[in-house]
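Chain by chain, the residues run as shown.
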Amino acid sequence: MKTFVSRLTMLFGALALLFTACEKAPVEEPKPDPKPDQQPEVELTITSGTQEVVSPEGGEVVITYTLSGDSDTLPEASCEAEWISDIVVAEGTITLNVAENEDEVYRQAWVKIAFNSKEQSVEIMQEPNVPWDIPPQTEYEYTMATAERDTKYADPEFSIVFASEDGTTRLIAHFVEAAGNWLLEGSEYSSQSGTIDLAKTMFKNESGIVKLTDAVATVSYIGTDDFPPSTRSYTFSITLTDTDGIKHIVTYTGEVANIYQGPTGPEAFTPTKVVAVKSMIGNFFLQLYIDEARYHELDLLDETAPNDKYLSEGVYKFSDNNIGHTNSTYNIEGDQTCALEDAEVTLSHTEEGVTTISGFIKSVAGHHITFEWTGVVEGFDFSKEQEIPIDPNATVVEVTAAEVNYDRAGEKQILFTAGGLQHQFNFKHSDIAAVKPIPDGTYSSAEGTMSLSYCIHDLNGAYEKMSSASVVIVNKSDNTTRFVATWVCGGQTYAFDWTGAVKGYTYEDVSGQKLDFKPTYVEVSDAGFAGLYFYFYDARDNELVLNYDRNKVYMPYINYEGISIDIDASDYTFEYSDNGDGTYSYNARFVTLDGRIIEFAGALPTTVS
C-alpha cells in the first residue's frame, strides 16, 4: 500500500510541473484525514492452554496466542524462575527455554503474560529427573502432625482435617455412617463401600491438590468408653489412590480435636430465654436457650387441654411419652445434638402470661442438667384475639399465603394469594424496616401510609388499581401476623382477615448472630469491565454471591437454606490472594440486612474462568 501511494505521488508531481509550465494553478488546502472509528479493546487469548508439561531434559517451549484485533504492540512475557530463560515474544507465539531438571522432584513456575493492562499466567510443570535404572515411585508416605474434626458436620458424618508439621501436606477425610456417641468407631472405611465420601475428601501435597479415585482407611480407637474417657487417641492408616494409580499412604497417631467433648452433668443452668415453636394443636417444641446459638429442644405433647396457643400446666415426662423420643435432643455444642435418655419438665402459668419451667434432661452420652426458669415464653399466646370489624357488604376474599414483593426501609409491598388471584398492597411509613415485619397499626390510603399507585386488585388478571385501601396489622408472639384488609376496586368493596407467617419476614431478632456459613469451594468469573463475580459454596449448597470491582463490593446476597438474604454493601471486609496452587486465601466479613454476621478466612479451592 505504501509503494502504491508513492507512485501516485510521483505521477501527480509530474503532472503538476507540466501544468505549471502552461499556467499557474490555484493551490488547494489539504483536507484533514477523517478520524478513524473507535475500535474495541484488543483482547489476548492463550490458545495453547494454561499449563505446559516439560520432560526432565528441558528444551524449547512454545506458547501460542491470538489477538481479537489489530495491535501495534505485542504482549510482554516474564518469569521469575532461574531455570526458564530466553523468553522471546513474536506475533502469535512466545518461545522460552527450560533448563534440564537435575533433581528427582517435580518443579513448577509461572510465565506471566501482560497485554493491555491485563495479566495471564501459564504454568510450566517440569517432570523429575529419575535415573533410568530406578523404577518410577508408585507409593508415597506422609506422617501427619495434627488432626481436628470439622464441627459443621453432624453425627453420623465425621470430616477430619489432617495436616503435616510444615503445613505442606493436608488431608480432609470425610467418613459417613461412622457415628459412635461422638467417638469415631474403630473400623475399616472405604470409598468403594460408601463409608468414605470421595466427593468431600480432599488431599493436597507439595505438587498441589491431588485428584483421587479411591480411598481406604483403617481406624483404631485407643480410648476407653467411660465418661469422660481417660484417653481418646486414634491410629489412622489411610491409603489414597490418584488418577495415575499412585498410592499416597497417610498415617496419624494421637488425639483428634473437637471429636468428643465429654459429659457436663449433673449441672444446673438458667436458660437466657425459652422459645416455643408450634408443631400442631397441643404439640410444641420447647427450646431452652443457653446462648443465642445453642439450645436443648424438647418435643412436648399436651394431653391435658390441647390448644394452638400454649402448653397446659402440668408435668411432662420422657417416660410417659408426652416428651417425644424422636425430636427431643440434647445439645452438646453448636448445632451438634444427641438423643435423650430421660427428661422431665413441669410448667405453670400466671394470669399475666408469665411461665415457670423446671426439670432435668439426660442424654444417652451421660450428660445431665437441671434447670429452673421464670419468664415470658416466646411463642406462647395468652391474649384474647382482638375484634376487628369488617364491612358486612364487602366481598370476602379467602387468602392462603402472603409474601414480601418489594422491601426497603420506609416502604414494603406484600402480595396476598387468594386462589388464583394475587392482591398487592403497598405500605409506606418511616417505622417500616427492611426484612422485619411491618409494625402494628392501621395503614390507609386516606392517611398516606398506603400508596394507591402500587395497590393492585387481581395483580395476575385484570390488573386493576384500588381506589381506596385500609389494613389493620397485628404481629403475634408465635411469629405470625394478622392482616384485616378492606379496599375498593371498580365500585366494589373487598375484604379479608388472614393470619400467618409472611414469607420474607425475619420475625426473630437475629442482629449480631453469626450465620453458619463456612465455604469449601469458590468459583470466580471474570465479567470484563464489570469486574469479578465470586460464588462461594459450603457443604450444604448454601451460596454467597458478590460482584467485586475496583476494590468495592456490589449487590452481595446469600442463598441460605432456601431463602435469599441481602447483604449490606456498605459494611464489609473482603480480601483475597492467589496462592498459585489452585487455592485462594480469603478474609471476609459481611453483615446481612437483618443484622446477621458472616465470617470466614483461609485457603479454599478456587476455579477461575
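Structural notes, computed from the coordinates. Quick caveat, the model's predicted, so the values are computed rather than measured.

## A word on the pattern of salt bridges
- Across all of its chains, the model carries 15 salt bridges by this definition.
- The partner of R540 in a salt bridge is D538, and the shortest N-O contact between them spans 4.0 Å.
- Given a relative accessible area of 40%, R540 falls into the partly exposed group.
- Relative accessible area serves as the criterion here: at 5%, D538 is assigned to the buried category.
- A salt bridge links E599 to R589; the shortest N-O distance between them is 3.5 Å. Of the two residues, E599 is situated in strand β44 (residues 597-608) and R589 in strand β43 (residues 583-592); the sequence distance between them amounts to 10 residues.

## Some thoughts on the sheet that holds strand β18 (residues 247-255)
- Spatial ordering of the open sheet is given by β9-β18-β17-β16-β13, a layout of five strands whose pairing is mixed. Only two strands of the sheet have a single partner each, and these edge strands are β9 (139-143) and β13 (187-190). The average angle at which neighbouring strand axes cross in this sheet is 15°, direction not considered.
- Bridge count between strand β17 (residues 233-242) and β18: nine bridges; the pairing is antiparallel. Bridge pairing in β18 links Y234 to G254.

## Details of the packing of aromatic side chains
- Applying the stated rule across the entire model yields 37 aromatic pairs.
- Taking the centre distance of 6.2 Å and the plane angle of 25° together, the rings of F483 and W498 count as stacked. Here the residue F483 occupies a position in strand β36 (residues 481-489), and W498 occupies one in strand β37 (residues 492-500), the gap between them amounting to 15 residues.
- Positioned over the ring face of Y289 is K273, at 4.7 Å from the centre of the ring.

## Things to note about the side chain of T592
- Within the element layout of this structure, T592 appears in strand β43.
- Among residues more than four places away in sequence, those in contact with T592 are I565, D566, I567, D568 and I598.

## A closer look at the side chain of H457
- Inspection of the secondary structure puts H457 in strand β33 (residues 456-457).
- Within polar-contact distance, the side chain of H457 engages the side chain of W487 at 3.1 Å.
- Residue contacts for H457: discarding those within four places in its chain leaves H423, Y463, E464, M466, W487, C489 and Y494.

## What about empty space enclosed by the protein?
- Taken as a whole, this structure holds two cavities of 30 Å³ or more when the rule is applied.
- Around the second largest cavity sit L171, A173, H174, F175, I196, T201, A215, A217, I238 and L240, which together line it.
- Where the lining of the second largest cavity is concerned, the elements lending two or more residues are β12 (170-176), β16 (212-221) and β17.
- Examining the composition of the lining of the second largest cavity, we find that four residues originate from one element, β12, more than from any other.
- Split into classes, the residues belonging to the lining of the second largest cavity amount to eight nonpolar, two polar and no charged.

Parameters and conventions
Residues numbered from 1 in each chain as written. Predicted model: local features only at pLDDT ≥ 70, side-chain atom pairs only at ≥ 80, totals over all residues. Heavy atoms only, no water. Salt bridge = Lys/Arg side-chain N within 4 Å of Asp/Glu carboxyl O. Buried < 20%, exposed > 50% of the residue type's maximum accessible area, 1.4 Å probe, protein only. Helix = DSSP H or I, 4+ residues; strand = E, 2+ residues; numbered from the N terminus. Pairing = 2+ DSSP bridges. Axes fitted to C-alpha atoms, helices over the stretch in contact; angles between N-to-C directions. Phe/Tyr/Trp six-rings, centres within 6.5 Å; stacked < 30°, edge-to-face > 60°. Lys NZ or Arg CZ within 6 Å of the ring centre and 35° of its normal. Contact = heavy atoms within 4.5 Å. Polar contact = N/O pair within 3.5 Å; in protein donor to acceptor, adjacent residues only side chain to side chain. 1 Å grid on protein atoms, 1.4 Å probe; cavity = no way out; pocket = protein on both sides within 12 Å on 5 of 7 lines; lining within 4 Å. Points joined across faces, edges and corners; volume = space filled by probe spheres on them. Nonpolar A, V, L, I, M, F, W, Y, C, P; charged D, E, K, R; others polar.

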